[in-house]
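The primary structure of each chain is shown beneath.
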Amino acid sequence: MKKITLVVPCRNEQEVIKLFYNEIQKIKKDFVNVVFEIIFVDDGSTDNTLKLMRELAQNDDVRYISFSRNFGKEAAMYAGLEASTGDYIAIMDVDLQDPPFLLKEMYETLESGKFDSVATRRVTRKGEPVIRSVFARIYYKMINKISKTEIVDGARDYRLMTRKMVNAVLEIKEYNRFSKGIFSWVGFKTKWLEYENTPRVAGETKWSFWKLFLYSLDSIVAFSTLPLSIASIMGILFCIVSFFIIIFIIIRTLAFGDPTSGWPSMVCIMFFIGGVQLLCLGIIGQYLSKTYLEVKKRPIYIVQETEKAKLNSK
Ligand code: UDP
Ligand code: MG
């Protein structure tokens, strides 16, 4: 008898949570000798999501963890993985954008023993704003150039992992989590399944363009230190250039005297160098702020209620 845990982060998902549960019940019959454990993680929802989770937890296969506030999907995934007890553990969105029918194939692949993880990637970005797709493409090109950890284009968080791999992921206790990078960083053999993008069944996406943009900056800081090197390299380059300019100006002054000219060019240069300095300071600031948050060692999430705590209080 094998156990599959489904970790399902939810934030304000009252429209879809029951639909999701029903879909999972439908695919269960395809599995023999497998029990399911569904862990819903309520990431500080402000609608009826938690209430629905409590109702669903009447079923034997459902557990839930409710956070004291919104900690973000990364924290929700971590909490779910930590609570999981299955031999195989999957992370799934509740909005059914991660097709449940793939679970069967994922499970069989892991059972064969050749892989430790089966991950999914979208090959199309149908139904997504064009500008978002363009930025996404640029982002993936760039991050893979500057980071040693491979970040796969179109990779979803939807994947099934062995207990061994999940334990490795849980070892990484950093506060600024970027799971796409972490899954790749821990290594292990991963098989990629490709599928067409499916739109959300109901409810709304929690990701605005701006949020995604900030998230991508975070991921660069988390998985590459190249921007820091760029800052130093620019510093060195500018020192060299200015050295030659100084020599040039000294010689010119000695040879032709010192007519006061070139004020506009000087202002331009000052602005330019000032800008570069601020940029470099900003880059250093980014890393410093992340370091600051890491050294504080705050917990990744705080639990307010689980199905067990509720049973105890009855
Ligand atoms: N989610 C979460 N915490 C958040 C934002 C989102 O747990 O702060 C969950 C959300 O409920 C969903 C999954 O993360 O199950 C993916 O979110 P969404 O569908 O909004 O993202 P998209 O699929 O558009 O990338
Ligand atoms: Mg979604």
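Because the structure is a prediction, the values reported are computed rather than measured.

## A few points about empty space enclosed by the protein
The probe, sized like a water molecule, is rolled over the atoms to show the empty space still left. In the structure shown here, the tally under the stated rule is one cavity of 30 Å³ or more. Estimated volume of the largest cavity: approximately 50 Å³. If you trace the largest cavity, you find it lined by E74, M77, Y78, L81, V169, R177, S179, I182 and F183. Of all the secondary structure elements, the ones that give two or more residues to the lining of the largest cavity are α3 (73–83) and α7 (179–185).

## Side note on the site of ligand 1
Around ligand 1 there are 17 residues in total, and E13, D43, D95, Q97 and T205 lie nearest to it. The separation between an oxygen atom of ligand 1 and a polar main-chain atom of P9 is 2.8 Å. Between ligand 1 and the protein, one listed contact pairs a nitrogen atom with a side-chain N or O atom of D43 at 2.6 Å. Within the shell around ligand 1, the residues separate by chemical class into four nonpolar, four polar and nine charged.

## Considerations on the sheet that holds strand β5 (residues 117–122)
An order of β7-β5-β6-β4-β1-β2-β3-β8 is seen for the eight strands of this open sheet, with the pairing classed as mixed. Two strands close off the open sheet at either side, each with one partner strand: β7 (190–195) and β8 (303–306). Averaged over all neighbouring strand pairs, the angle between strand axes comes to 20 degrees, with direction disregarded. The sheet contact formed by β5 and β7 spans six bridges and is parallel.

## Describing the pairing of strand β2 (residues 34–42)
For β2, the tally of buried residues reaches eight of nine residues, placing the bulk of the element in the interior. Remark: the β2/helix α2 (residues 49–56)/strand β3 (residues 62–67) crossover connection has right-handed handedness.

## So, unusual backbone geometry
Notably, N12 is not glycine yet its phi reads approximately 50 degrees, a positive angle. Relative to the assigned elements, N12 resides in the loop between β1 (2–10) and α1 (17–28). Since its relative accessible area comes to 22%, N12 is described here as partly exposed. Of note in this structure, L96 is not a glycine but carries a positive phi near 65 degrees. Following the sequence through the fold, L96 ends up in the loop between β4 (88–91) and α4 (102–111). Residue L96 is classed as buried on the basis of its relative accessible area, which comes to 13%.

Definitions and limits used
- Residues numbered from 1 in each chain as written.
- Chains lettered and ligands numbered in written order.
- Predicted model: local features only at pLDDT ≥ 70, side-chain atom pairs only at ≥ 80, totals over all residues.
- Heavy atoms only, no water.
- 1 Å grid on protein atoms, 1.4 Å probe; cavity = no way out; pocket = protein on both sides within 12 Å on 5 of 7 lines; lining within 4 Å.
- Points joined across faces, edges and corners; volume = space filled by probe spheres on them.
- Helix = DSSP H or I, 4+ residues; strand = E, 2+ residues; numbered from the N terminus.
- Near = heavy atom within 4 Å.
- Polar contact = N/O pair within 3.5 Å; in protein donor to acceptor, adjacent residues only side chain to side chain.
- Nonpolar A, V, L, I, M, F, W, Y, C, P; charged D, E, K, R; others polar.
- Pairing = 2+ DSSP bridges.
- Axes fitted to C-alpha atoms, helices over the stretch in contact; angles between N-to-C directions.
- Buried < 20%, exposed > 50% of the residue type's maximum accessible area, 1.4 Å probe, protein only.
- Right-handed = clockwise from strand over helix to strand, strands pointing away.

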